[in-house]
Number of protein chains: 2
Amino acid sequence: MVKQNYHSKLLEEAVDQIATLPGIGRRSALRHALFLLSQPKENVKRFVEAIDDMRSRVEYCPVCNMIADSGVCPVCSDVARDRETVCVVESYSDVISIENTGQYKGLYHVLGGVISPMDGVGPSDLPIAELVQRVASGSVREVLLALDTNMEGETTSLYIYRKIEGYGVNVTTIARGVSFGDELEYADELTLGRAIRDRRNFEIA
Amino acid sequence: MVKQNYHSKLLEEAVDQIATLPGIGRRSALRHALFLLSQPKENVKRFVEAIDDMRSRVEYCPVCNMIADSGVCPVCSDVARDRETVCVVESYSDVISIENTGQYKGLYHVLGGVISPMDGVGPSDLPIAELVQRVASGSVREVLLALDTNMEGETTSLYIYRKIEGYGVNVTTIARGVSFGDELEYADELTLGRAIRDRRNFEIA
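These remarks concern the structure in this document. The structure presented is a predicted model; accordingly, all values stated were derived computationally and were not measured.

**Considering the relation of the copies chain B and chain A**
One copy of the chain maps onto the second through a rotation around an axis plus a translation along that axis.
Next up, step 1: Rotating chain B by 180° about the axis while translating it 0.0 Å along that axis superimposes it on chain A, leaving an RMSD of 0.1 Å. Overall, the copies show the geometry of a two-fold rotation axis. Relative to the rotation axis, the closest C-alpha in chain B is found at Val48(B), a distance of 2.8 Å.
Next up, step 2: Mapped onto chain A, 100% of the interface residues of chain B again fall at the interface, so both copies present the same surface.

In structure tokens, the structure reads:
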């Protein structure tokens with residue numbers, strides 16, 4: 001599609017910028033821009049300031065690299081959590097997903113990415129040395145690797161495993177299996193095979 | 001869903017604000033916020049400034065009420081357009097849709113809304129008097145009413161028709177019919193009935 005001329009450079013620039021958001025096309029971007037244009041100026045001011053403040057003022061936890069307003073994050077400073085288990089995730093949104101399950105009470109280590117030679121991301125670009133340091137300090141008993149099962153994720157998991165295996169820490173990974181609600185018929189062979197190998201005693205829910 | 005605690009008030013406020021956009025839930029809002037957080041500060045500055053500038057500086061054409069950077073809009077000032085035809089639309093996005101067809105060369109009159117007693121919008125809240133003035137000036141030969149076919153749109157069309165019928169102007173409306181690609185079987189009776197009544201000579205495309 002040829003770039004639309006919107007009769008207003010100001011509108012055009014706003015649409016261009018909104019369309020940089022992931023999954024937002026120019027059509028939706030125009031809808032959002034016109035919505036913002038229809039809102040009271042104070043609301044748009046608040047909208048703009050919230051984003052500006054977030055980008056310029058958010059910090060990262062010096063322990064786990066998670067988003068935090070300042071200093072050590074609320075998870076790392078929560079004494080009620082299991083401080084001997086560290087879950088390694090790629091991004092902060094994975095933390096949110098895991099927290100939402102209510103099944104995990106340990107700490108985190110947010111990599112902020114995975115090893116990906118194609119994108120020029122090597123091990124030294126990620127806070128892996130910091131993870132090794134946490135493990136080496138002796139306070140960690142289990143490292144739960146919760147990275148994606150694509151090539152980059154597997155590579156990163158293996159790299160981390162090699163770096164920490166010498167410290168006598170228990171390295172685990174999340175269970176793979178057939179999702180609730182999925183039909184066996186449509187499960188891929190790898191997943192189904194792993195689900196059968198890792199079968200468990202029947203539980204009455 | 002209980003409001004998620006994001007371990008950062010700054011992130012939370014940004015997510016809240018992004019989630020005010022139409023059709024954006026908190027999950028997508030988080031994705032957008034984390035995306036903005038991952039971008040260089042200059043990019044986010046440009047993002048924020050584009051929206052801020054748009055909201056604070058955009059003006060509306062004094063003739064047709066369309067979005068314009070300043071003064072009379074590019075459509076109203078384009079002498080190559082058919083200046084005797086005025087298309088009445090609800091919003092600026094309708095202008096974009098009509099311009100994209102390449103089938104319309106006249107001018108516009110953007111109402112910025114429709115008569116809707118439920119939402120407290122009466123005729124005096126819309127620039128209908130300005131439209132009547134354009135018609136009364138004698139320079140308009142045709143007014144094309146291109147409002148939605150819901151109750152508010154029909155009410156507004158009828159109200160405008162009554163206001164301008166005395167000026168000897170030709171009042172038209174866009175054709176209703178079965179959309180290209182739609183199956184007759186699934187067309188509603190009103191649309192199909194109108195399409196049969198308004199049948200045309202067969203054209204070889």
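**Remarks on the nonpolar core**
Next up, step 1: By size, the foremost hydrophobic cluster in this structure holds 80 residues, and its most contacted members are Leu11(A), Met66(A), Tyr92(A), Leu11(B), Met66(B) and Tyr92(B).
Next up, step 2: Non-local contacts of Met66(B), meaning those with residues more than four positions away in its chain, are made with His7(A), Glu59(B), Tyr60(B), Cys61(B), Cys73(B), Val75(B), Tyr92(B), Val95(B), Tyr108(B) and Val110(B).

**Side note on helix α2 (residues 26-38) of chain B**
Next up, step 1: With 13 residues, α2(B) extends 18 Å between its outermost C-alpha atoms, agreeing within 8% with the 18 Å of an ideal straight helix rising 1.5 Å per residue.
Next up, step 2: Within the sequence span of α2(B), burial applies to Ala29(B), Leu30(B), His32(B), Ala33(B), Leu34(B), Leu36(B) and Leu37(B).
Next up, step 3: Against α3 (41-57), β1 (59-60), β2 (67-68) and α4 (92-101) of chain A together with α1 (9-18) and α3 (41-57) of chain B lie the buried residues of α2(B).

**A look at the pairing of strand β6 (residues 170-173) of chain A**
Residues and elements named next belong to chain A.
Next up, step 1: As judged from the 4 bridges shared by strand β5 (residues 142-145) and β6, these two strands associate in the parallel manner. Within β6, the residue paired with Val143 across the bridge is Val171.
Next up, step 2: For the crossover from β5 across helix α6 (residues 151-164) to β6, the handedness is right-handed.

**Topic: the interface of chain B and chain A**
By a widespread convention, an interface's size corresponds to the accessible area lost as its parts come together.
Next up, step 1: With 54 residues of chain B in contact, the opposing surface of chain A contributes 55 residues.
Next up, step 2: Between chain B and chain A, the buried area comes to about 5100 Å², and carbon and sulfur atoms account for 71% of it.
Next up, step 3: Together, His7(B), Leu10(B) and Arg55(B) form the three largest contributors to the area buried by chain B at its contact with chain A, with a combined 16%.
Next up, step 4: The tally of links between chain B and chain A comes to 0 salt bridges.
Next up, step 5: Elements supplying a minimum of two residues to the side of chain B that touches chain A: α1, α2, α3, β2 (67-68) and α4 (92-101) of chain B.
Next up, step 6: For the side of chain B that touches chain A, the leading source of residues is α3(B), giving 14 residues.
Next up, step 7: When grouped by side-chain class, the residues that make up the side of chain B that touches chain A number 31 nonpolar, 12 polar and 11 charged.

**Things to note about the sheet that holds strand β4 (residues 106-110) of chain B**
Residues and elements named next belong to chain B.
Next up, step 1: As summarised here, the arrangement of the 4 strands in space is β4-β3-β5-β6, forming an open sheet in which the pairing is parallel. In this open sheet, the two edge strands, each paired with only one partner strand, are β4 and β6 (170-173). When strand polarity is set aside, the average angle formed by the axes of neighbouring strands in this sheet is 25°.
Next up, step 2: Note that strand β3 (residues 82-89) and strand β5 (residues 142-145) share 4 bridges and pair parallel. Bridge pairing links Val88 to Leu145 in β5.
Next up, step 3: Against the sheet, helix α5 (residues 128-136) touches β3, β4 and β5, its axis set at about 150° to β4.
Next up, step 4: Across the sheet, helix α6 (residues 151-164) lies against β3, β5 and β6, angled at about 170° from β5, the strand it touches most.

**A word on α1(B)**
Next up, step 1: Burial of α1(B) is extensive: 7 of the 10 residues sit out of reach of the surface.
Next up, step 2: Every buried residue of α1(B) is accounted for by Leu10(B), Leu11(B), Glu12(B), Ala14(B), Val15(B), Gln17(B) and Ile18(B).
Next up, step 3: Contact partners of the buried residues in α1(B): α3, β2 and α4 of chain A together with α2 of chain B.

**Digging into the sheet that holds strand β4 (residues 106-110) of chain A**
Residue and element names in this part refer to chain A.
Next up, step 1: Taken in spatial order, the 4 strands of this open sheet run β4-β3-β5-β6, and their pairing is parallel. If you trace the sheet from one side to the other, it starts and ends with β4 and β6, each paired once. Recorded for the sheet is a direction-independent mean angle of 25° between the axes of neighbouring strands.
Next up, step 2: Relative to β4, helix α5 (residues 128-136) is tilted by about 150°, and along the sheet it contacts β3 (82-89), β4 and β5.
Next up, step 3: α6 rests against β3, β5 and β6 of the sheet, and its axis sits at about 170° to β5.

**Some remarks on the packing of helix α1 (residues 9-18) of chain A against helix α2 (residues 26-38) of chain A**
Residue and element names in this part refer to chain A.
Next up, step 1: For the pair α1 and α2, interaxial distance at closest approach is 8 Å and the crossing angle is 125°. Judged on the interaxial angle alone, α2 and α1 are oblique. As for the relative orientation of α1 and α2, their crossing is right-handed in sense. Here Leu11, Val15, Asp16 and Ile18 of α1 lie close against α2, whose contacting residues are Arg26, Ala29, Leu30, His32, Ala33, Leu34 and Leu36.
Next up, step 2: When grouped by side-chain class, the residues that make up the contact of α1 with α2 number 8 nonpolar, 1 polar and 2 charged.

**Topic: the packing of α2(A) against α3(B)**
Next up, step 1: Packing of α2(A) against α3(B) leaves a shortest axis separation of 9 Å and a crossing angle of 50°. Taken as axis vectors, α2(A) and α3(B) run oblique relative to one another. Seen from above, α2(A) lies across α3(B) with right-handed handedness. Seen from α2(A), the contacting residues are Ala33(A), Leu36(A) and Leu37(A); seen from α3(B), they are Ile51(B), Met54(B) and Arg55(B).
Next up, step 2: Here the residues of the contact of α2(A) with α3(B) are counted per class, giving 5 nonpolar, no polar and 1 charged.

The rules behind the values
- Residues numbered from 1 in each chain as written.
- Chains lettered and ligands numbered in written order.
- Predicted model: local features only at pLDDT ≥ 70, side-chain atom pairs only at ≥ 80, totals over all residues.
- Heavy atoms only, no water.
- Least-squares fit on C-alpha atoms with pLDDT ≥ 70 in both.
- Contact = heavy atoms within 4.5 Å.
- Core = buried A, V, L, I, M, F, W, Y, C linked by side-chain atoms within 4.5 Å.
- Buried < 20%, exposed > 50% of the residue type's maximum accessible area, 1.4 Å probe, protein only.
- Helix = DSSP H or I, 4+ residues; strand = E, 2+ residues; numbered from the N terminus.
- Expected span 1.5 Å × (residues − 1).
- Pairing = 2+ DSSP bridges.
- Right-handed = clockwise from strand over helix to strand, strands pointing away.
- Buried area = accessible area lost by both parts, 1.4 Å probe.
- Salt bridge = Lys/Arg side-chain N within 4 Å of Asp/Glu carboxyl O.
- Nonpolar A, V, L, I, M, F, W, Y, C, P; charged D, E, K, R; others polar.
- Axes fitted to C-alpha atoms, helices over the stretch in contact; angles between N-to-C directions.
- Parallel < 35°, antiparallel > 145°, perpendicular 65-115°, else oblique.
- Left-handed = near helix turned anticlockwise from the far one by under 90°.

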